[in-house]
Amino acid sequence: MANQKEYLRNRADSKIGKIVVDRDLCIGAASCIAVSGETYNLDNENKAVVLDPNAADDATLLMSAQSCPTKAIWLFDKSGKQIFPK
Amino acid sequence: MDKSKYVIIGGGAAGVAAAEAIRQIDQNGSLTIVSDEKHALYSRVMLSKPNFFLGKIPFDQVYLKGDDWYRENRINFLGGQTASSVDGVNKIISLTTGEKLPYEKLLLAIGVRARTLNVPGADKSGVHYLRTLEDGKKIMADLKTGKTAVVVGGGFISFEMADLLKLAGLDTTIILREAYFWEPILDEASGLMIENSITKNGLKIIKQAEIAEINGADSVTGVTLKNGRQLSSDLVLCGIGVINQVDWLKSAGLAVNKGILANEYLETNLPAVWVAGDIAEYKDVLLAENVQMGNWVNAREQGRIAGLNMASDQKHQFKFVSFYTTQGLGLTIAFVGDVAPGRDRLIVPRGAPALNSYARLIIVGRELVGATLINRTAELTTIAKLIENNVDVSDHHAALADPDFNLKKLLT
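Residues numbered from 1 in each chain as written. Chains lettered and ligands numbered in written order. Predicted model: local features only at pLDDT ≥ 70, side-chain atom pairs only at ≥ 80, totals over all residues. Heavy atoms only, no water.

**What to know about the overall build of chain B**
The secondary structure content of chain B amounts to 10 helices and 25 strands. Relative to the compact-globule value of 22 Å for 412 residues, chain B shows a C-alpha radius of gyration of 22 Å, a close match. For chain B, the spread of C-alpha atoms along the three principal axes comes to 65 × 60 × 40 Å. The burial tally for chain B puts 57% of its 412 residues in the buried class. Put simply, of all contacts in chain B between residues at least 6 apart along the chain, 62% involve residues at least 24 apart. With the model as given, the accessible surface of chain B reaches about 17,100 Å², and the carbon-plus-sulfur share is 47%. If you average the places of the 44 positive and of the 46 negative side-chain charges in chain B, the two averages end up 2 Å apart. (Helix = DSSP H or I, 4+ residues; strand = E, 2+ residues; numbered from the N terminus. Rg over C-alpha atoms; globule rule 2.2 N^0.38 Å. Buried < 20%, exposed > 50% of the residue type's maximum accessible area, 1.4 Å probe, protein only. Contact = heavy atoms within 4.5 Å. Areas by Shrake-Rupley, 256 points an atom, 1.4 Å probe, with all protein chains shown as cover. Lys, Arg positive; Asp, Glu negative; His and termini not counted. Charge placed at Lys NZ, Arg CZ, Asp CG, Glu CD.)

**As for the pattern of salt bridges**
Scanning the model with the defined rule gives 27 salt bridges over all chains in all. Across the salt bridge formed by Lys65 of chain B and Glu20 of chain B, the nearest N and O atoms sit 2.7 Å from each other. Of this pair, Lys65 of chain B sits in the loop between helix H2 (50-53) and helix H3 (67-72) while Glu20 of chain B sits in helix H1 (residues 13-25); the two residues are 45 residues apart in sequence, bridging distant segments of the chain. For the pair shown, Lys65 of chain B and Glu20 of chain B are each scored as buried. Bridged by salt links that share partners, the residues Arg23, Asp43 and Glu45 of chain A form one connected network. (Salt bridge = Lys/Arg side-chain N within 4 Å of Asp/Glu carboxyl O.)

**Notes on the sheet that holds strand E12 (residues 211-215) of chain B**
Adjacent strands of a sheet pair through backbone hydrogen bonds, lying either parallel or antiparallel. Residue and element names in this part refer to chain B. Overall, antiparallel pairing links the three strands, which are arranged E12-E13-E14 in an open sheet. If you trace the sheet from one side to the other, it starts and ends with E12 and strand E14 (230-232), each paired once. Each strand of the sheet is rotated relative to its neighbour by a mean of 20°, with strand direction disregarded. The sheet contact formed by strand E13 (residues 222-225) and E14 spans three bridges and is antiparallel. The residue bridging Gly222 from the neighbouring strand is Ser232, located in E14. (Pairing = 2+ DSSP bridges. Axes fitted to C-alpha atoms, helices over the stretch in contact; angles between N-to-C directions.)

**Quick look at unusual backbone geometry**
Peptide bonds are mostly trans, and most non-glycine residues show a negative phi. The amide bond that connects Phe84 of chain A to the next residue, Pro85 of chain A, takes the cis arrangement and shows omega of -10°. Looking at where Pro85 of chain A falls in the secondary structure, it is placed in the segment after strand E6 (82-84). In the segment running from Glu183 of chain B into Pro184 of chain B, the intervening peptide bond is cis, with an omega of 0°. Its location among the elements puts Pro184 of chain B in the loop between strand E10 (171-175) and helix H6 (188-200). If you check the backbone angles, Lys71 of chain A has positive phi at about 50° while not being a glycine. The class of Lys71 of chain A is buried, set by a relative accessible area of 17%. In this structure, Arg74 of chain B is a non-glycine residue whose phi angle is positive, near 50°.

**Structural notes on the sheet that holds strand E9 (residues 148-152) of chain B**
Residues and elements named next belong to chain B. Taking strand neighbours across the sheet as the criterion, the five strands line up as E8-E15-E9-E10-E11 in an open arrangement whose pairing is parallel. Lying at the two open borders of the sheet, with one neighbouring strand each, are strand E8 (127-129) and strand E11 (204-206). Strand-to-strand, the axes of this sheet are offset by a mean angle of 25°, without reference to chain direction. Taken together, the three bridges between E8 and strand E15 (residues 235-238) define a ladder with parallel strand orientation. Paired with Tyr129 across the two strands is Cys238, which belongs to E15. On top of the sheet, helix H4 (residues 133-145) reaches E8 and E15; it is set at about 140° to E8, its chief contact.

So this is what it looks like as structure tokens:
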């Protein structure tokens, strides 16, 4: 599966350096938007896109990824190590 | 059994979100989840997605929590166990095994069941519903050998099944009792957009028809409609709605209507008993009415709020615009807020079926309460915000009806 979109994050108070949305896995359930409407939106293909990778704090981002019913949101730390899903 | 500080009946999205929220506040209070399914939390919404069904996504991707999560969070998971009664005075749950489970605080996140077809032959092998992982596995097995399929119902299960069956290469006919697809939630114009995409993709639809009988010996070989017409079919997939199982709770004195009644804090009428998820018929503060919402985001968010209320002294209000979306056969469909028809609702159409982009904005009084969107899902978040912020749209009906007008302008 190569249909992934990467969003770099550069918040000083954050351990998370990158958000990845797997567009093949994403089904547009929009639970990420329910957790953080500042970070995500749906596009017209009904896939989640990141509007602002720096909008939410780490706890909120983690919750948004955990809420996804298809584990389509992956979080990486600033050294590139995957934080979620474990 | 030992007393648990927190008992959650239901191991789905709402029950697990509640457990997560409880553990944010109270790391050590004893917590038991009773689930009549033996599995750790899995993704109920993935069950109807073609990529999952057709094996393009590894099967194990359906599990959202592993056994380690329950262990690390000190959750006593009673999988494959069914609660049979609640004693709200002495605060004891009885299980069907006869065991007693005392609680301090109880969450009912029991979900709903698939409505079953009540016709002769409905018990034959090859007749399917889609609610649980076990249901999904049975359909997956039958898809491998089936050549023809009948889908019963005109809602989102049958829409997603239609897409899936087409991709799986089965000759498929959809049977609708209604006059058009998704009646009465959608209008006829929206329903026809969906029907056009279904038939364009080579599937057949028979409207205003009902199944009289399922034919075959032990396994399905076809169906007979009430008008006598016969169709041959290797499998029958039913998406004909859900039923609320609340009768077993009435003896506890729990107030129920269709679902379990709750206020805006998701408290039931019984002390120390909360409700969350599909079964909750709660007071919606944005809509100022009692509603029941059956979707993933609503279950997660209600579970979270109920969990916070169970574990903290502060009361958290459930205030949330719910939504869900689906896609397939070249269409994306989204429902936002309250889309139930009737009463004093004014519908403002936005876009047009001929443009293959059509929304209906649902207004009560001066405010939006809901919307249905076909091929306009990018507007979902803005519309949810307009509902949540109680924006007065009474002077903006012309703008709402203009498909090129940017709805975000109404937010400022």
